[in-house]
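In case you want the letters, here they are:
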Amino acid sequence: MIEVENLVKTFGDVTAVDGISFRVRKGEIFGFLGPNGAGKTTTINILVGLSLPTSGTVRIAGLDVTKHPIEIRKRIGIAAQDAYFDHHLNIEDNLFYHGLLYGLPRRELKRRVDTALRWSNLERYRNKKFHQLSGGMQRRLIVARAMLSDPEILLLDEPTTGLDPQTRRQVWKFIKDLKVAGKTVLLTTHYMEEADLLCDRIAIIDHGRIIACGTPDELKKMQAKNIVVDIKLRREIAGNQIERELNGIPGVSYVKIEDSRIRIGVAEEATVEAVLRSVITTNGICELNIVRPTLDDVFLHLTGKEIR
Amino acid sequence: MSLRLIKAVLAVWEREMYEYLINLHINALRLAIEPLLFIFIFGMGLGRRVVIGDVDYLYFLAPGILFMVVVNNSYMTISMRLMIARDWDKTLITALSAPVKPFEIILGYVLAGITQALAACTIFLVLMIYFLGIPFGSVSRVLLLIIATAAFFSSLGVMIAVVLDNPHHLMVITSIVVLPMSFFCGIFIPVSDLPGWSQPIIEAIPLTVAVESARAFALGSGNPGIWQSLAYIMAFTIAVFIAALYLFKRKLII
């Protein structure tokens, strides 16, 4: 459904997207996982024609984005990261005038606006302005607006950023419903849990490059040969010294320290003993777990850093 | 012209008109006070002591103020609306992600500027003709001049709003370009009273052509040739529209 080959986008000296290639299949939820500034939104903007590629090709439903932007936009609904709503109009009017841009007949459009409000559970708020809605309602409305034209493909750019955990789960349910409705979804996120829970396949992107791509399980299996040692210490520690010490042990791929907790990726079992010796001699161990790698560990291993 | 193009242009136009209508009380107040103040203070107050040629100043002034109404309702409104759509509520990004071309978006805004200028000028003309008895000659010819001038200033509004990155600069441009244009293009004083070196420049500005043509029709002083005037203004309009389109694409599709 979406085919991207060697896509490059530069802004002056800055390379925002650096030769990425990926394919999104019909009916799947494909996740773009990466930190802020990784190139996710730039890629979305190129897909929808808001930005032009420096080089490479992007085809959606077999059509080149640079040659057939109008045909492609008819097939795409975009839920942007920022809320672009007219602050003077109520949400019903906002939806109506957005739908009008798609050339929908008025009667049909009014029916679809009603459906979108019902689907997003916002019928009671149709006369409210966008800024009068809660964060979760706003996100649902943004996705509902993207659905107005009944597109085959939905581009959801950071759909749950800034939401509390409970509201985030509501939006996840909402996104799962899109898959049930047969939509192809390209989702960008910097939340590991979100990507793991929602996506059929994930591309991990950093500094404009895709560094791994696969199903969540495939990505975790890439780490399967690695062991993750999760240790809770008796007291909080100053990170730098122990981090240096652990990183100096051969076979340690990454170290993540948070308060009194240390998470260490190691390449082989033999290394675990060296790690434990190092930690025990200077700090008491309160709790020890050898765990399966999560997507967080995959990202840490591949990039050497956490997503923030 | 395809059906899709017409629908896209009308969608942009209708949205702008809806926004204009729900704020009509504010728009009407803003747009009515300034021209009426000029008519009452300069035309009926100070103007009683002034005669231009053998014409009462009020009769001289009214066609000029009519085109001040055009500028206020096209350039001022459209440049401000477009800047809000681009920088504040960012609905321009939403429009660009829909199946609508930049050309169609700009045309929708220009049509909205023409419609708003026509509506305001119609009210102004009714007030002038029926309440103050000021002649305007052939109303249909004046309306054609209003449409052409509004198209020019709406396109200019789009161009300026696209070029500027800071909303405060819009006020500056209005103060140093548009406001002086209103004063020097024959609205308040005849161009022939301005310094000789400036007259060819002032005469070349489309606003001057519109004001002098409308005044000639109103006062019955000569026959400026409506089609020549319209063609002249439309040539400028097309040039500014093309420039606005080029800049719009360059700034917004990066």
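Residues numbered from 1 in each chain as written. Chains lettered and ligands numbered in written order. Predicted model: local features only at pLDDT ≥ 70, side-chain atom pairs only at ≥ 80, totals over all residues. Heavy atoms only, no water.

### With respect to helix α3 (residues 57–88) of chain B
The periodicity of an α-helix, 3.6 residues per turn, causes residues three or four positions apart to be oriented the same way.
Part 1 of the argument: Between its terminal C-alpha atoms α3(B) stretches 43 Å, which fits the 46 Å expected from 32 residues at 1.5 Å a residue.
Part 2 of the argument: A bend of about 25° at Pro63(B) is the largest found in α3(B). (Helix = DSSP H or I, 4+ residues; strand = E, 2+ residues; numbered from the N terminus. Expected span 1.5 Å × (residues − 1). Bend = angle between axes of the 7 residues up to and from the residue.)

### Here we look at the packing of aromatic side chains
Part 1 of the argument: A full pass over the atoms with the stated rule returns 13 aromatic pairs over all chains.
Part 2 of the argument: Ring geometry for Phe30(A) against Phe32(A): centres 6.2 Å apart, planes inclined by 50°, an arrangement best described as tilted. Each member of the pair, Phe30(A) as well as Phe32(A), is classed as buried.
Part 3 of the argument: Seen from their ring centres, Phe38(B) and Phe188(B) are 5.1 Å apart, and the 65° between their planes marks the pair as edge-to-face. On the criterion of sequence distance, the pair formed by Phe38(B) in helix α2 (residues 24–45) and Phe188(B) in the loop between α7 (167–184) and α8 (199–204) is long-range, its members being 150 residues apart. Exposure class is identical for Phe38(B) and Phe188(B). Each is buried.
Part 4 of the argument: Clustering of aromatic rings is evident, with ring pairs tying together Phe152(B), Phe153(B), Tyr232(B) and Phe236(B).
Part 5 of the argument: The ring of Phe85(A) has Arg145(A) sitting right over it, with the charged end atom 3.9 Å from the ring centre.
Part 6 of the argument: The ring of Tyr191(A) has Arg168(A) sitting right over it, with the charged end atom 3.9 Å from the ring centre. (Phe/Tyr/Trp six-rings, centres within 6.5 Å; stacked < 30°, edge-to-face > 60°. Buried < 20%, exposed > 50% of the residue type's maximum accessible area, 1.4 Å probe, protein only. Lys NZ or Arg CZ within 6 Å of the ring centre and 35° of its normal.)

### Topic: the packing of α3(B) against helix α5 (residues 102–131) of chain B
Residue and element names in this part refer to chain B.
Part 1 of the argument: Close contact between α3 and α5 brings their axes to 9 Å; oriented N to C, the two are set at 145°. Like other packed secondary-structure pairs, α3 and α5 cross with a definite hand, here right-handed. In this structure, α3 contributes Ala62, Ile65, Leu66, Val69, Val70, Asn73, Ser74, Thr77, Ile78, Arg81, Leu82 and Ala85 to the contact, and α5 contributes Tyr109, Ala112, Gly113, Gln116, Ala117, Ala120, Cys121, Phe124 and Leu125.
Part 2 of the argument: Of the residues belonging to the contact of α3 with α5, the class tally is 15 nonpolar, five polar and one charged. (Axes fitted to C-alpha atoms, helices over the stretch in contact; angles between N-to-C directions. Left-handed = near helix turned anticlockwise from the far one by under 90°. Contact = heavy atoms within 4.5 Å. Nonpolar A, V, L, I, M, F, W, Y, C, P; charged D, E, K, R; others polar.)

### Here's the deal with the pattern of salt bridges
All names here are of chain A.
Part 1 of the argument: Scanning the entire structure with this criterion turns up 24 salt bridges over all chains.
Part 2 of the argument: Ionic pairing is found between Arg261 and Asp230, a salt bridge with its closest N-O pair at 2.9 Å. With a gap of 31 residues between them, Arg261 in strand β13 (residues 261–266) and Asp230 in strand β11 (residues 227–233) connect regions that are remote in the sequence.
Part 3 of the argument: What makes Arg261 partly exposed here is its relative accessible area of 29%.
Part 4 of the argument: Judged by relative accessible area, Asp230 falls into the buried class, the value being 8%.
Part 5 of the argument: Connected via shared salt-bridge partners are Glu3, Glu5 and Arg23. (Salt bridge = Lys/Arg side-chain N within 4 Å of Asp/Glu carboxyl O.)

### Remarks on the domain arrangement of chain A
Part 1 of the argument: Each domain of chain A was delimited in the assignment, giving domain 1 (2–215) and domain 2 (225–292).
Part 2 of the argument: Taking only C-alpha atoms, the centre of domain 1 of chain A and the centre of domain 2 of chain A are 39 Å apart. (Domains from an automatic or database assignment.)

### Looking at the interface of chain A and chain B
Part 1 of the argument: Tallying the contact residues gives 29 residues for chain A and 26 residues for chain B.
Part 2 of the argument: Of all residues in chain A, the largest losses of buried area upon contact with chain B belong to Leu50(A), Tyr84(A) and Leu101(A), amounting jointly to 27% of the total for that side.
Part 3 of the argument: Our enumeration of links across chain A and chain B arrives at two salt bridges.
Part 4 of the argument: Residue Arg15(B) is joined to Asp86(A) by a salt bridge in which the shortest nitrogen-to-oxygen separation is 3.3 Å.
Part 5 of the argument: Applying the counting criterion to the chain A and chain B interface returns nine residue pairs in polar contact (both at pLDDT 80 or more).
Part 6 of the argument: Those elements that place two or more of their residues in the side of chain A that touches chain B are β1 (2–11), α2 (69–75) and α3 (91–100) of chain A. (Buried area = accessible area lost by both parts, 1.4 Å probe. Polar contact = N/O pair within 3.5 Å; in protein donor to acceptor, adjacent residues only side chain to side chain.)

### Points about the pairing of strand β12 (residues 252–258) of chain A
Two faces, one strand: in a regular strand the side chains alternate between the faces of the sheet.
Part 1 of the argument: Sheet analysis places β12(A) next to β13(A), joined by six bridges and oriented antiparallel. Across the sheet, Tyr254(A) pairs through a bridge with Gly265(A), a residue of β13(A). (Pairing = 2+ DSSP bridges.)

### Overview of the side chain of Lys183(A)
Residue and element names in this part refer to chain A.
Part 1 of the argument: Counting through the fold element by element, Lys183 comes out in the loop between α6 (165–180) and β8 (184–189).
Part 2 of the argument: Polar side-chain contacts of Lys183 include one of 3.0 Å to the backbone oxygen of Pro151.
Part 3 of the argument: Leave out the neighbours within four places in its chain, and Lys183 touches Gly27, Glu28, Met147, Asp150, Pro151, Glu152, Leu154 and Leu178.

### A closer look at the sheet that holds β11(A)
Residue and element names in this part refer to chain A.
Part 1 of the argument: What the four strands build is an open sheet, ordered β12-β13-β11-β14; its pairing is antiparallel. Each end of this open sheet is capped by a strand with a single partner; those strands are β12 and β14 (285–291). For this sheet the average axis-to-axis angle between neighbouring strands, irrespective of direction, equals 15°.
Part 2 of the argument: As defined by bridge partners, β11 adjoins β13 across six bridges and the pair is classed as antiparallel. The residue bridging Val229 from the neighbouring strand is Ile264, located in β13.
Part 3 of the argument: Of the strands in this sheet, β11, β12 and β13 are in contact with helix α11 (residues 295–303), which crosses β12 at around 120°.

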